[in-house]
Amino acid sequence: MNRRMNPREQKRMMQRMGMNMDSVEDVTQVVIRTASKDIVIDEPEVAILQVQGQKMYQIIGGEVSEQAPSVFVSSAQAKPLFTDEDVQLVADQTGKSLEKAKGALEECGGDLAKAILLLSS
């Protein structure tokens, strides 16, 4: 017997299993950025499925296109990777100048331990 469950029953069953699903209204575009391209989905339907505290986003339909990656600086990228105190610490630990310590921190992406090892070797 092939019986379809009505939406109200489905919702109750999902809630008993700790699942919750909501739709996101008025979505005009979803962009998925990768290192090599941007995947752009225009006019999709988007739903959020929450299971045991984890959120999953479901993107349905829409017109899909791929583009060259956008030059985009997020607020996380705009912040300095290290502070003046970090530069001073690297300089003190290695006996090198502040300029060399700063250069090592830039080269190592703000990683103090790597910068110290770089200047010590």
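Note that the coordinates shown come from a computational prediction; the quantities given were computed from them, not determined experimentally. (Residues numbered from 1 in each chain as written. Predicted model: local features only at pLDDT ≥ 70, side-chain atom pairs only at ≥ 80, totals over all residues. Heavy atoms only, no water.)

(A) How the structure looks around the overall build of the protein chain. Of the regular secondary structure elements, the protein chain holds five helices and six strands. Burial analysis of the protein chain (121 residues in total) assigns 20% to the buried set. Within the protein chain, counting contacts between residues at least 6 apart in sequence, those at least 24 apart form 37% of the total. Summed over all atoms, the accessible surface of the protein chain reaches about 9600 Å², with 51% contributed by carbon and sulfur. (Helix = DSSP H or I, 4+ residues; strand = E, 2+ residues; numbered from the N terminus. Buried < 20%, exposed > 50% of the residue type's maximum accessible area, 1.4 Å probe, protein only. Contact = heavy atoms within 4.5 Å. Areas by Shrake-Rupley, 256 points an atom, 1.4 Å probe, with all protein chains shown as cover.)

(B) Expanded view of the packing of helix H4 (residues 98-107) against helix H5 (residues 112-120). One can describe the packing of H4 onto H5 by two numbers: an axis separation of 8 Å at closest approach and a directional angle of 125 degrees. With respect to each other, H4 and H5 are oriented oblique. Helix-helix and strand crossings are classified by hand; for H4 and H5 the assignment is right-handed. Counting all contacts with H4, which are made through Lys 100, Ala 101, Ala 104, Leu 105 and Glu 107, the residues of H5 involved are Leu 112, Ala 115, Leu 118 and Leu 119. (Axes fitted to C-alpha atoms, helices over the stretch in contact; angles between N-to-C directions. Parallel < 35°, antiparallel > 145°, perpendicular 65-115°, else oblique. Left-handed = near helix turned anticlockwise from the far one by under 90°.)

(C) Seen up close, the packing of helix H3 (residues 84-94) against H4. With their axes 8 Å apart at the nearest point, H3 and H4 run at an angle of 110 degrees to one another. The orientation of H3 relative to H4 falls into the category roughly perpendicular. The hand of the H3/H4 crossing is right-handed. Here Asp 86, Val 87, Gln 88, Val 90 and Ala 91 of H3 come into contact with H4, specifically with Leu 98, Ala 101, Lys 102 and Leu 105. Across the contact of H3 with H4, the residue classes break down as six nonpolar, one polar and two charged. (Nonpolar A, V, L, I, M, F, W, Y, C, P; charged D, E, K, R; others polar.)

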